[in-house]
Each structure stands twice: as structure tokens, then as C-alpha cells.
Amino acid sequence: MKNLFHADKNGYYGEFGGAFIPEMLYPNVEELRKKYIETMQEVSFQKEFQQLLKDYVGRPSPLYFAKRLSEKYQVKIYLKREDLNHTGAHKINNTIGQILLAKRLKKKRIIAETGAGQHGVATATVCALMGMKCVIFMGEIDIARQAPNVARMKMLGAEVIPAKSGSKTLKDATNEAIRDWINNPEDTFYIIGSVVGPHPYPDMVARFQSIISEEIKRQLVIKEGTENPDYIIACVGGGSNAAGAFFHYLEDKNVKLIAVEAAGKGINSGESAATSILGEEGVIHGSKTLLMQTDDGQITEPYSISAGLDYPGVGPQHAHLFTSGRAKFLNATDDEAMQAGLELCKLEGIIPAIESAHALAALDKMEFNKEDIVVVNLSGRGDKDLDTYIKYFKFD
Ligand SMILES: *Cc1c(COP(=O)(O)O)cnc(C)c1O
């Protein structure tokens, strides 16, 4: 494969990526860097991974032709149904992959950070599946506002440790997880939930999520007689569902890639998470990327109605896709996403995650030809967002 948009051997995508880590973390990251590709390509690894994706996650996820939505936008719209996966989103593809890797590296204990709790739940799930000890770091404020996910993690056998420093949210939980990893280099594996972090994480996570575009290719041939849609649309928080949906199309310029970020209360409102557009080059969580920061380099607090898009950076591959122009970056406000989410309920009988609703909101901002084929990656289901939907639309 030509390598314009995938990681090079040092984990760079153009000028972005790399591994900016404290020296004490070097042995852990280096072990992973040396072994991840070789291990993932072992026949026994692939066999176990594919079997679990099939029987445990429920893959392949359907590629569903959304007839009434297509009529509304006068274009052929397919939904890639990651919302039908076990645990309700794409995140499980990655946590299954990483826990299999952890087992093969003979690790006994798993740690992870979580913001809204979705990655924490996906990690706790695979730890239960594999009988591994699971410790989840979560900001104290997030613990208070995401009680159902905290309960899920505990039911699944995980220990949830509150991060009490700083803003008591995701970035503080990440700091705690890194501290733990430094102190337990021998027996502990750190499962990161998106295409962020030091090399090799962004590439590793993208490879695990690439099952999404692999399946789209196969499914589209059967439905449309071509592997290639004209557009693929996906929401971007850190960027893992988008990275997976784009993966096998990156080198094929005929397929237009559309990434949708959260504009929150508006791009210029000071309350958004539209990182690529508002961001500048900087280092966050071990990689060089675009991130939202003040003039003197302090990371600014992101905001979105959707907890999964509420991240101050994007993965380095997305920074490269943005600056190179390979992907087009759009954004949707809270209001636009909520309306698009409700529209999918009414037209197709599917309640989407509010993250995924941002991707749907892009349909209204684009110009299509009637014969165009559009795939929207429906990253997750909306059950977790019911409270937010109820409050926003006043359904109670
Ligand atoms: C976590 C999450 C996201 C955002 O994460 P990415 O790494 O950008 O994919 C999007 N959708 C859902 C349903 C999520 O749970």
C-alpha cells in the first residue's frame, strides 16, 4: 500500500504523530511498538479476533439502505450499523483487539481512562470476557454525571478510581492512568479508546477499527456492484470510528471522506470541540496533533452536548487528513445534531447516539447528485443519551 495517509515507521502522518512520552514510559511503549504488527498478523490472533467479532460483537454489522432518509436528501444513503454491536458502539472492536494483544504480551492487569464512560464500559466488558483485572480511571466530576456507566463498569467487575486533580475530567483521568502505567510496567496493559496517544496507539486502534471499511467494501459490492461509495461521513471525537470507516479508502481519491466535528454552541462561541478548525499544532497525550489551546499553549476546555465528541484534540491521522485536504472537515452544532438525531428516529425508526447524529447533520450541509452513494457511519445507539434527548426536546 502507498503510504500517504497511514503511519510511517515512527508513527508520523505527515508532520503529525510520533511518541512524545516521559522517559519512564519508554519501555512500555517500546515493547508495544516492537510487537504490535507482528502479533496482530499471527494466524492464531486473527482467528480469535475474527471469531469474537462474529460471535460476541455480532459482526458483520449491517450496511442498511435508509430509504426514507434517502428520499429526503435525494441521494442514496447507507447506514453502517455500528450501533448494533454488543455494548452499542464501535468501541468494542478496538477493546477486543487490544485485550487479545495484552494476553499475548502476558499482561495480567488492564487499565484505561474514560470520560463519559463508554470506553470504560467497553474495556470492562472485554476484561470480564477474558477474566482479567480491570482498573478504570475516571474524573470525579464525570463519575457524578455518568452514574449509569459507572454502575455498568462495577457490575462488569471493574474497579473505578476517581481522578481528583485538575478539572476532574478526562484529561486528569488520563494523567492518572499514565502514572499507574509507569508504576506497573511489567504486568499492566493500557487500553486507549481512540486513535490518540503515542505511536503505536493511533495506528493500532485504526487497524482494529478498519474492520468497518473492510466490511463496507464487501457489502457495497453486493448492494451496488461497486466497492466504493462517493462519500463516507463519520463523526470525529478522537477519531476512531472515522479512522475505521476511512481506512481502506484512504488512497482512493474518488471516495470523498467527510469528517464531522462538534461545533457545540457555535464555532466562534468559545464552547465547541471543532478541533481541526480551531486548533493549532501542539502535543497532547503523547502525540503531535492539532488541538485547541490558548496563545500560551494551555489546552482549552472543549464543549459539546455529546460527551464522546468532547475532546480538545484529534488523532494525528485526522490532523494530517485535514491539513492535506484528503478529508473534508465539517461541523455540526448541538442544535443541528439533536434535530438530525430526531429526524433519524422519525424517518427510519433508529435512535442514534448523539455523536453519530453529528455525522447525520452533515447531510443537510452537502450538495449531492441523485445517483451518489453516501455511507454514514452510525457509530453508536442512543440509549445512553436518552436523558439528554428528553431534556432537550422536553419529552417528559
Ligand atoms: C466514543 C464515541 C465516539 C467518538 O469517538 P471516536 O474515537 O471519534 O470514534 C463516537 N460515537 C460514539 C457512539 C462513541 O461512543
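Higher on the page you've got the structure.
About the criteria used
- Residues numbered from 1 in each chain as written.
- Predicted model: local features only at pLDDT ≥ 70, side-chain atom pairs only at ≥ 80, totals over all residues.
- Heavy atoms only, no water.
- Near = heavy atom within 4 Å.
- Polar contact = N/O pair within 3.5 Å; in protein donor to acceptor, adjacent residues only side chain to side chain.
- Areas by Shrake-Rupley, 256 points an atom, 1.4 Å probe, with all protein chains shown as cover.
- Nonpolar A, V, L, I, M, F, W, Y, C, P; charged D, E, K, R; others polar.
- Phe/Tyr/Trp six-rings, centres within 6.5 Å; stacked < 30°, edge-to-face > 60°.
- Helix = DSSP H or I, 4+ residues; strand = E, 2+ residues; numbered from the N terminus.
- Buried < 20%, exposed > 50% of the residue type's maximum accessible area, 1.4 Å probe, protein only.
- Lys NZ or Arg CZ within 6 Å of the ring centre and 35° of its normal.
- Pairing = 2+ DSSP bridges.
- Axes fitted to C-alpha atoms, helices over the stretch in contact; angles between N-to-C directions.

Turning our eyes to something else, we now look at the site of the ligand. If you check the shell around the ligand, you find 17 residues, and the closest are Lys-91, Ser-194, Gly-239, Ser-240 and Ser-379. Interatomic distance of 2.7 Å between a backbone N/O atom of Gly-237 and an oxygen atom of the ligand. Relative to its unbound accessible area of 380 Å², the ligand is 97% covered by the protein chains. By residue class, the composition of the shell around the ligand is four nonpolar, 11 polar and two charged.

Enumeration according to the criterion identifies 11 aromatic pairs in this entry. For the pair Phe-45 and Phe-208, a centre-to-centre distance of 6.2 Å together with 25° between the ring planes defines the contact as stacked. With Phe-45 in helix 2 (residues 43–57) and Phe-208 in helix 9 (residues 201–209), this pair connects stretches of sequence that are 163 residues apart. Each member of the pair, Phe-45 together with Phe-208, is buried. Judged by centre distance (5.5 Å) and plane angle (75°), the rings of Trp-181 and Tyr-190 are edge-to-face. Given a relative accessible area of 3%, Tyr-190 falls into the buried group. Here the aromatic cluster, defined as three or more aromatic residues joined through ring pairs, consists of Phe-45, Phe-49 and Phe-208. Its end group placed over the ring of Tyr-303, Lys-265 keeps NZ or CZ at 5.0 Å from the ring centre.

Time to look at the sheet that holds strand 5 (residues 109–114). The strand order across the open sheet formed by four strands is 7-6-5-8, and the pairing between neighbours is parallel. Edge positions in the open sheet fall to strand 7 (159–163) and strand 8 (188–190), since each of these has one partner strand only. Neighbouring strand axes in the sheet, compared pairwise and without regard to direction, differ in orientation by 25° on average. Pairing of strand 5 with strand 8, which is carried by three bridges, proceeds in the parallel orientation. Bridged to Ile-110 within strand 8 is Phe-189.

Treat this as a map of the structure, not an account of what it does.
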